[in-house]
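# Summary of structural features
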Amino acid sequence: FIPLVVNVTTDLSILRFGLELVGFELKRQLRVRRSLNNDRFKSFYGVEPPTVRALYEDLCKLDSSTTLRDLFMTMNWFKGYDTEHVLAGRWGKCEDHIRGKVKEYGRMIQSL
């Protein structure tokens, strides 16, 4: 179960939500030490949760329709530079959606 809404006021909530999106359900996260979860997070997104939280807050100031899920998807692409087909499978969205969102969020991030 991946929640549709997440409280982004804490780094821990960012960590947990980001890991859930890539297949680490909460039960698995709670069985390991925090440092391993941080390493997992960085391996998918390239940065630590406080950086994502700050970036998300800044992007929301630019565009109130910003979603954390699309930000994570974009950051995952930045980190791994996977093809659209790979991202479509991982994120459950079609290639056209992914292409558009990655470009949109990339432009917003660049504008900061």
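Right above here is the structure, for reference.
Since we're looking at a predicted model, the values are computed, not measured.

## Regarding the side chain of T74
Positionally, T74 belongs in helix α5 (residues 68–80). The class for T74 is buried, based on a relative accessible area of 0%. Setting aside residues no more than four positions away along its own chain, T74 makes contact with K101, V102, Y105 and G106.

## Here we look at the packing of helix α4 (residues 49–62) against α5
At their nearest, the axes of α4 and α5 sit 11 Å apart, and the two run at 120 degrees to each other. Taken together, α4 and α5 sit at an angle that is classed as oblique. The handedness of the crossing between α4 and α5 is right-handed. Across the interface between the two elements, V52, L55, Y56 and L59 of α4 pack against L68, L71, F72 and M75 of α5. A breakdown of the residues in the contact of α4 with α5 according to their chemical character gives eight nonpolar, no polar and no charged.

## Digging into the packing of helix α1 (residues 11–21) against α5
For any two helices packed against each other, one specifies the crossing angle of their axes together with the interaxial distance. Contact pair α1 / α5: the axes reach a minimum separation of 11 Å and the direction vectors enclose 65 degrees. Overall, the two elements α1 and α5 adopt an arrangement that is roughly perpendicular. The crossing of α1 and α5 is right-handed. Side by side, α1 and α5 meet where I14, F17, G18 and L21 of the first sit next to L68, R69 and F72 of the second. Considering only residue class, the contact of α1 with α5 consists of five nonpolar, one polar and one charged.

Thresholds applied
- Residues numbered from 1 in each chain as written.
- Predicted model: local features only at pLDDT ≥ 70, side-chain atom pairs only at ≥ 80, totals over all residues.
- Heavy atoms only, no water.
- Helix = DSSP H or I, 4+ residues; strand = E, 2+ residues; numbered from the N terminus.
- Buried < 20%, exposed > 50% of the residue type's maximum accessible area, 1.4 Å probe, protein only.
- Contact = heavy atoms within 4.5 Å.
- Axes fitted to C-alpha atoms, helices over the stretch in contact; angles between N-to-C directions.
- Parallel < 35°, antiparallel > 145°, perpendicular 65-115°, else oblique.
- Left-handed = near helix turned anticlockwise from the far one by under 90°.
- Nonpolar A, V, L, I, M, F, W, Y, C, P; charged D, E, K, R; others polar.

So yeah, pure geometry; function would need other evidence.
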